[in-house]
Amino acid sequence: MIEIVDVKKSFGEQKVLRGVNLTISKGKTTVILGQSGCGKSVLLKVILRLLPLDEGKIIIDGEDTSDYSEREMMPIRRRIGMLFQGAALFDSMTVWENVAYPLLEHGKTDDFDEIDRRVMELLEFVGMEDAANKLPGELSGGMKKRVALARALVTNPDFIFYDEPTTGLDPITASRINQLIRRTQKKYHTTSVVVTHDMVSAMTVGDYFAFLHDGKIAFAGTREQLLSSEVPQLREFLAEAVPREYLERFLGAKR
Amino acid sequence: MNRMQKFFFSVADFFELGWKIIKSLFYPPYYFEDTVNQMYTIGVESFLIVGMSSFFTGMILVLQTGHELAVFGAKMYVGALASVSLVRELGPVLTGIVVAGRVGAGIAAELGSMKVTEQIDALRAMGTDPIKKLVTTRFLAGLVVVPALAVLADGLGILGGLFVANATFGISPQSFWKTAIQVLDINDLIMGIIKPFVFGALLIWVACYKGLTTEGGTEGVGKSTTQSVVISSIIILIGDYFVNQVLIWILNI
């Protein structure tokens, strides 16, 4: 479980997070919705402390990490897998090396066969086993994201963060990534946080939803609560994001 | 924030990176394999261009000074002049500037693109310290390889001078070599090693700093690369003066 208490973050004069309060439940997928540039990705990076925290508390499984230094954060970060928006694969390494990297670097074993087995298992899981020897430059955007997902999962992390997993992908590839996120959740029972403005993606993968507006969480709740919410900015966002009938049909199917 | 403040903040960041590099030398993990790979890259990438530039510099040096020395009837000292200038000054500085242009630019561009494509963040997110993994490895490689390249540059420069002395001034290779080697003492050699050691550290420090602070997409990578070459070249030239001063004071020459 991750508890985010009154987290504030600014860049110079620009206040991006103005006191975010949110609890991310264990073993579930929490989707953080919001317009582009509202600070969703910043929130993920602040939790991982890739960006420094200005004010507030971040408690990860009961451990208050708010004052942690870069070195103290290292073991926490190893428990969290992150899928970056642009995949962030290492260009100089092959797909296999990219996925194996966290194991080679911080894994408990040096046994090459065991690492290879684990890497190939994950590559098969994301359907990229044939590309093991390719370089990231030879892959399409969707393929890169699948490899990045394999890399994020390879150490069996307790948490996985998805930063805009479907942005910039065609609908078919996007839907494949969404299915993968759901399958990951079912198979590994990781606590997931998905940051997106893609409502189709959100509806497919989410258990809980939060809406970030104006640097604060304007709404947090279940799927049903989301769709019946009276928060004006959220209603506006939903109306713009996707046709009402689609959302209702989805709600019906889920029930 | 005005420009002046920005400048002082970046100077502070630059020294902070230096401090982090030094600290990182004292605790594990150590990336031996990456360091060796970097030594190979830095050495092999720069070998040809460093060799070429010093070889021709040696040739020009002898060509220019030979005529002047001949006026005083001191033609046979051309080898001594060439070797002292090369070992003390030209070899280290040329190597430093050429490596700054060749390797420093490469490092700034590589780390810069890793920064803008979130690969540095990805490393940190996986619990790897990017300073140790990317910067310290390059820094150590530079400390070893740049002095080695400078020694090579000295040798090739003297060789270039030897050819011209023989072809243009009719000085036999044996006597050129003899005067060139005889004139060098231990202080010259110390200077010839310490200088490129300092330049190697400076240029890689600058290149890594510029790479890691890249912002603004591919355009930013271009800017960082250019700035890295400009700043490290200037720092090498200014640093050269101070290193000379300090060495003259310490070695008492």
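How each quantity is defined
Residues numbered from 1 in each chain as written. Chains lettered and ligands numbered in written order. Predicted model: local features only at pLDDT ≥ 70, side-chain atom pairs only at ≥ 80, totals over all residues. Heavy atoms only, no water. Helix = DSSP H or I, 4+ residues; strand = E, 2+ residues; numbered from the N terminus. Rg over C-alpha atoms; globule rule 2.2 N^0.38 Å. Buried < 20%, exposed > 50% of the residue type's maximum accessible area, 1.4 Å probe, protein only. Contact = heavy atoms within 4.5 Å. Areas by Shrake-Rupley, 256 points an atom, 1.4 Å probe, with all protein chains shown as cover. Lys, Arg positive; Asp, Glu negative; His and termini not counted. Charge placed at Lys NZ, Arg CZ, Asp CG, Glu CD. Pairing = 2+ DSSP bridges. Axes fitted to C-alpha atoms, helices over the stretch in contact; angles between N-to-C directions. Salt bridge = Lys/Arg side-chain N within 4 Å of Asp/Glu carboxyl O. Patch = residues over 30% accessible without salt bridge, like charges linked within 9 Å, V, L, I, M, F, W, Y side chains within 5 Å. Buried area = accessible area lost by both parts, 1.4 Å probe. Parallel < 35°, antiparallel > 145°, perpendicular 65-115°, else oblique. Left-handed = near helix turned anticlockwise from the far one by under 90°. Nonpolar A, V, L, I, M, F, W, Y, C, P; charged D, E, K, R; others polar.

With that out of the way, let us pick up the overall build of chain A. Of the regular secondary structure elements, chain A holds ten helices and ten strands. By the compact-globule yardstick of 18 Å for 255 residues, chain A fits well, its C-alpha radius of gyration being 18 Å. With the principal axes as the frame, chain A shows a C-alpha extent of 55 × 45 × 30 Å. With 255 residues in all, chain A has 52% of them scored as buried. Taking contacts inside chain A between residues at least 6 apart in sequence as the whole, the part at least 24 apart equals 65%. For chain A, the exposed surface amounts to about 11,600 Å²; the carbon and sulfur share of it is 47%. Distance between charge centroids for chain A: 4 Å, based on 34 positive and 37 negative side chains.

Bringing the sheet that holds strand β1 (residues 2–11) of chain A into the picture now. Residue and element names in this part refer to chain A. As summarised here, the arrangement of the four strands in space is β2-β1-β4-β5, forming an open sheet in which the pairing is antiparallel. In this open sheet, the two strands that pair with only one neighbour each are β2 (14–24) and β5 (63–64). Across five bridges, β1 lies against strand β4 (residues 55–60) in antiparallel orientation. Across the sheet, the residue bridging to V5 is K57, located in β4. Here helix α1 (residues 40–48) sits on the sheet and contacts β1, β2 and β4; the angle it forms with β1, its principal contact strand, is near 110°.

Topologically, L43(A) is positioned in helix α1. On a C-alpha basis, the gap between L43(A) and K9(A) in space is 8.5 Å, while along the polypeptide they are 34 residues apart.

Let us now look at the pattern of salt bridges. One pass over the full model with this rule turns up 20 salt bridges over all chains. One salt bridge connects D121(B) with K45(A), and the closest N-O pair in it is separated by 3.8 Å. In this pair, D121(B) sits in helix α4 (residues 119–125) while K45(A) sits in helix α1, so the two residues belong to two different chains. Overall, the relative accessible area of 17% leaves D121(B) in the buried class. The exposure class assigned to K45(A) is buried, which follows from its relative accessible area of 13%.

This part takes up a nonpolar patch on the surface. A surface patch of nonpolar side chains, about 570 Å² in accessible area, is lined by V230(B), I231(B), I234(B), I238(B), Y241(B) and F242(B). Note on placement: I231(B) falls in helix α8 (residues 217–251).

This brings us to the environment of G215(A). Residues and elements named next belong to chain A. Among the secondary structure elements, G215 is positioned in the loop between β9 (208–213) and β10 (216–222). Its relative accessible area of 2% is what places G215 among the buried residues. Remark: the alpha-carbon pair of G215 and A88, spanning 127 residues in sequence, is separated by 26 Å. The residues contacting G215, other than those within four sequence positions of it, are V16, L17, R18, G19 and V20.

Facing the 23 residues of chain A at the interface are 16 residues of chain B. With both chains or domains summed, chain A and chain B bury close to 1,700 Å², and 52% of this area falls on carbon and sulfur atoms. In terms of surface lost to chain B, no three residues of chain A exceed L50(A), F90(A) and Y101(A), which account for 27% of the buried area on that side. Put simply, chain A and chain B have three salt bridges between them. We note a salt bridge from E118(B) to K45(A), for which the minimum N-O separation is 2.7 Å.

On to the sheet that holds β10(A). All names here are of chain A. Within the open sheet, the six strands sit side by side as β6-β7-β8-β3-β9-β10. Their pairing is mixed. For this open sheet the edge positions go to β6 (80–83) and β10, each flanked by a neighbour on one side alone. Across the sheet, the mean angle separating the axes of adjacent strands is 15° when strand polarity is ignored. Of the strand pairs in this sheet, β6 and strand β7 (residues 159–163) are connected by four bridges, and their pairing is parallel. Bridge pairing in β7 links M82 to F161.

Looking now at α1(A). Residues and elements named next belong to chain A. Burial analysis of α1 places nine of its nine residues in the buried class, which makes it a mostly covered element. Listed in full, the buried residues belonging to α1 are K40, S41, V42, L43, L44, K45, V46, I47 and L48. R49, located one to two residues past α1, shows a positive phi value of around 60°.

Turning our attention to the packing of helix α3 (residues 78–116) of chain B against α8(B). Residues and elements named next belong to chain B. Between α3 and α8, whose axes approach to 8 Å, the crossing angle comes to 155°. Taken together, the axis directions place α3 and α8 in an arrangement best described as roughly antiparallel. Crossing geometry of α3 relative to α8 is assigned as right-handed. Along the lines of polarity and charge, the residues of the contact of α3 with α8 split into eleven nonpolar, twelve polar and two charged.

Honestly, it's all geometry; don't read function into it.
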